[in-house]
Amino acid sequence: MISKKDRLFNLSTKHTSYLFAITETGHLEHLYYGRLLSNPTLSIDALAEKRSLNIGTSTAYDSDNPTLYLTNLCMEYSTMGKGDYRECSVNIEYSRGMQTLDFIVKSFRILPGKPRTFSGLPESYGDKSTCTTLEITLKETSLPLRMALTYTVFEDSDVITRRATIYNDGTNSVRIKGLASAQLDLDADDWNLVTFDGAWARERYMNERPMLPGIYINDSKTGVSSADHNPCIFLKKDDGECIGMNLVYSGNHRELVEVSPYGKIRVMTGINPATFSWDLSPQDRFQSPEAVLTYSHQGMNGASQNFHHFINNHIVRGTWKLRERPVLINNWEATYFNFNEDKLLNLAKESADLGIELFVLDDGWFGLRNDDTTSLGDWTVNPKKLPSGLAGLSLEVHRLGMMFGLWVEPEMVSIESQLYKKHPDWMIAIPGRRPSVGRNQYILDLSRQEVRDHLFKNLSETWHLADVNYIKWDMNRVFSDIYSANAEIRNHGEFFHRYVLGLYDLLDRLTKAFPNVLFESCASGGNRFDLGMLCYMSQTWTSDNTDALCRLYIQEGTSCGYPLSTMGSHVSTSPNHQTLRRTDLEARFNVAAFGVLGYELDITKLKGQQKEAIRSQIAFYKAHRSLLQYGNFTRIKLANSHSNQVVWAVASHDKSELLVLFAQKLNLPNPGADKLRVEAVDLNAVYEVFPRQQKIDIKMFGDLLNRVSPVPITEGGLAQDTISKAISLESEIEHYRVSGEQVAYGGIKLNQQFGGTGYDAMTRVLGDFGNRIYIFKKINLESK
Ligand code: GLA
C-alpha cells in the first residue's frame, strides 16, 4: 500500500513500513524503514531530524534555512554542491565540468501495479493485486533537468523496488557520471555489513564486518556482476533487524556504505560509476537498473525468505516459473571434450535408467573444438564427434524419455574460428593494441545490432534443429581492452552498460522465441549469478566447484540472496576435480539436494552399489522436490562460523514437512552429543523425525574391517574393493515422535556418532565432511 498524507509518504508491505517526507525546502527526508507501523496517525516530528541549531564548520542549505544541513539529513537521493559532503547518488556534469545539482519535488502519482519501463533493462513484475507504484518527479532548481524516483511496493514479498530516471529537457547534452538506483540513509545503530565475495570455484562466501566511519565499497569492474562481489548485500543488527539490498543488473555494479561524521549510514546501489559515464542528449532520458530492498526483524533468514518469495514470484517468469525443475545429467566432468555419440548415448541411457530427466551436452560439440583454444563463434555441429548431428542425438535422447539440453557460449569468439575470420572487428579490442586474453578467448561486441542479429539467427537455427528443451548459456571470461566500433558509442564510458543492454536485448529475443526452453545461466560457474540474468533464465549454475565441503559455504552464501529453485547443484565424482578432496557419494547428494539437482560424472563407470545409491537419491529428491526447490529455507548453523557443524532446514509452507541437513566439517574424536534444534516448525504439531536412509561404504572403516572379517582385508586391496562393491551398510536406525515445541525449544539429541569404541545399528557414521538429511513429518493426530 502507498499513501501520502500532508508531507508524508507511507509505503507499507505486509510486515514493513517505509516512510519519508517532503521537507519545507522540497527535498525528501528519509524517516523510517522497519517493522510495520500500522497506526495511520504517524508523527513526522518524532522521526525527523531536529534542526534548530547551527552545526559548526558545515554548510547550511541557504540563508532562508540556516539550520538545514543536508550533510546531516537522511535523504532519499543526494547531489553534490549544496552542502551534503557524503557520496552522492546523482552526479551529472553539465556546462564545462559543473556538477552542483539541487532537485526539488514537483509532483507525484500513485499507480496500481507496475508500469513497464522503456530502458531495455529487465525488471521485476507484478499486477495490481500484488504491487503499487509511486513515482515522484523532481526538478532541478535552475537547469532543464528532471528526475523521477520510482518505488514499487510488493506487499506479498515485503519488498520495495526503486529506480531513478533522468530527463534532459534542455538543448545541450549533459554527462551522467553516476546515478544510483537506490539510496538508503539510516541512523547508524551498530549495523554490520554482510557481503558475498570470492572468485572462481569459491563464489559468494559470506563475510560480515562492523561498519566504522568511512566508506566501504562492494563492487565489480569486470563487466559482469561477478563472483568477486555479488550485488546482494545485507545490513544487520544483533537484535534481528536486517535490511537486504540487491540489483536487477548483470554488469558492473557498486554498493557503497558510508558512515558519516554524524553517525548516519548511507547505503547505495547501482551501476558502478567507476566504469560508467553516459552522454544524455537533449530531450533524451536515462534510467537506472532496478534496486530491490527488503526488511525483516527476523534476521538474515527472514530477509532471505523475502528475497526468495520475491524472486520466485516477481523475477523468474514464463513456463518455468514456480515449476519443478528436472534432474539433469551433464557430460562436462564425465567426458570433458573427449566424447562421441556412443559415449554420450551410453551416458544418457544409464541416466534415464536411474531416473534422470534431462541430458545436457556441454562444451565441445561444435566447430573443431577439442580443447578450449578454438571454435567459439562457430555454432555448427562437429560431424566427426556427432555423425548423426544434434538432431540425431537429440532424437535418441528424447526416445529415452529425457529432455535434451545444450551448452553454448554465444558472447565469445576464438581467434581460431570461422566467425573471427569473417568478422574480426566484432571482437572487443582496441585498434593498434594487443588485446588481453582469458581462457584463450575474446568477447563479441554485443552492443552492436548486427552482432546480436547474427547470434539470434545462428542460435535459433541450431536450437530448432536440435529440438532443445534446455540451454546452458555460459560466459567464461571477463572484459578488457574496452573499445567499440559501434558508431552509436561516442563516449566509451557508455560501453559496459551498452554491452549489458545488448545482452539483454538478445536474451529477450531468444527467450521469447523459445518460451518453453529451460535456460540456465552460467559464467565459469557463478560469475554472473544475479537478478538480471534470472529475469531471462530461471536457474544459474552456482559454481564449478561441487566439492561437498566447499558447497556448504557456496550454497549458504548464495541462499542468502537467491532461492534454492535458482541454484544448480550437481553431484560430481570423488576425488573432486577442483579440490581433489574425497567425499562420500551420499554426502555429495545431501548437499546438492538443497538446490536444483544434477549429476556431472561418468555414471557408466560406477559400481552397482553406487548406482543403486543414486537411484534412491533421485527417487528421494523427486518425492521432495517441491519442498527442496520452493520450501522456506533457513540457515540454522553457518559454515561460515567457528562451528564444526552446518545445519539447514527447508520447510513446506504449512510446516507439515521439513527436511533438515545436518553436516559436519571434520570428524571429531570421542565426540559429544549432536543436537538438532529447529525453530521453523509448527509449535502445536507433533512430528515423526528420522534420517534419510543411506548407504555407508564399508571402505570407511579401513583396517577396522579386520576385526570382524574372517579373511584379511588390506586397505585399498582387491578384497576390500570386492566387498565394498557387494556390501554396504545401511545408515543408523533412529526415530522420534516429538512435539514441535520440543524440537524448537529443546532440540533432539541425536544418536551417538562413531567414536572409535564400537559400532551398532544405532551408530551414526558420518566421517569427515559427512552429513544426513532428517525428515520431519507432521502427524495427523486425529486420524490416528
Ligand atoms: C565453464 C562452465 C562449466 C563447463 C565449462 C565448459 O567452466 O562453468 O560448467 O560448461 O565452462 O567449457
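See the structure shown above.
Parameters and conventions
- Residues numbered from 1 in each chain as written.
- Predicted model: local features only at pLDDT ≥ 70, side-chain atom pairs only at ≥ 80, totals over all residues.
- Heavy atoms only, no water.
- Pairing = 2+ DSSP bridges.
- Helix = DSSP H or I, 4+ residues; strand = E, 2+ residues; numbered from the N terminus.
- Axes fitted to C-alpha atoms, helices over the stretch in contact; angles between N-to-C directions.
- Near = heavy atom within 4 Å.
- Polar contact = N/O pair within 3.5 Å; in protein donor to acceptor, adjacent residues only side chain to side chain.
- Areas by Shrake-Rupley, 256 points an atom, 1.4 Å probe, with all protein chains shown as cover.
- Nonpolar A, V, L, I, M, F, W, Y, C, P; charged D, E, K, R; others polar.
- Disulfide = S-S within 2.5 Å.
- Buried < 20%, exposed > 50% of the residue type's maximum accessible area, 1.4 Å probe, protein only.
- Salt bridge = Lys/Arg side-chain N within 4 Å of Asp/Glu carboxyl O.

(A) Quick peek at the sheet that holds strand 1 (residues 2-5). Here 4 strands make up an open sheet; going across it, the order is 1-2-3-4 and the pairing antiparallel. The sheet terminates laterally at strand 1 and strand 4 (28-35), the two strands that pair on one side only. Looking at each pair of strands side by side, their axes are set apart by 15° on average, direction ignored.

(B) Representation of the site of the ligand. As a matter of local geometry, the ligand sits amid 13 residues, with D362, D363, R439, K472 and D544 nearest to it. Taking D363, its side chain carries an N or O atom lying 2.6 Å from an oxygen atom of the ligand. Coverage of the ligand by the protein chains reaches 96% of its 310 Å² of free accessible surface. Partitioning the shell around the ligand into residue classes produces 4 nonpolar, 3 polar and 6 charged.

(C) Highlighting the sheet that holds strand 35 (residues 686-691). Taken in spatial order, the 6 strands make up an open sheet running 31-32-33-40-35-38, and their pairing is antiparallel. Bordering the open sheet on either side are strand 31 (632-637) and strand 38 (736-739), each of which pairs with just one other strand. Ignoring strand direction, the axes of neighbouring strands in this sheet form an average angle of 25°.

(D) Representation of the state of the cysteines within the structure. The full count for this structure, using the stated rule, is 0 disulfides. Free cysteine: C232, not disulfide-bonded; nearest cysteine sulfur from C560 at 7.3 Å. With a relative accessible area of 1%, C232 lands in the buried category. Take C550: it sits in no disulfide, and the sulfur closest to it among the cysteines is that of C560, at 17 Å.

(E) Representation of the pattern of salt bridges within the structure. By the definition in use, this model includes 49 salt bridges. With a closest N to O distance of 2.6 Å, K114 and E123 form a salt bridge. Among the residues examined, K114 registers a relative accessible area of 14% and is labelled buried. As a salt-bridge pair, E450 and R448 come within 2.8 Å of each other at their nearest N and O atoms. Ionic contacts of the salt-bridge type, sharing partners, join the residues D84, R86, D185 and R266 into one network.

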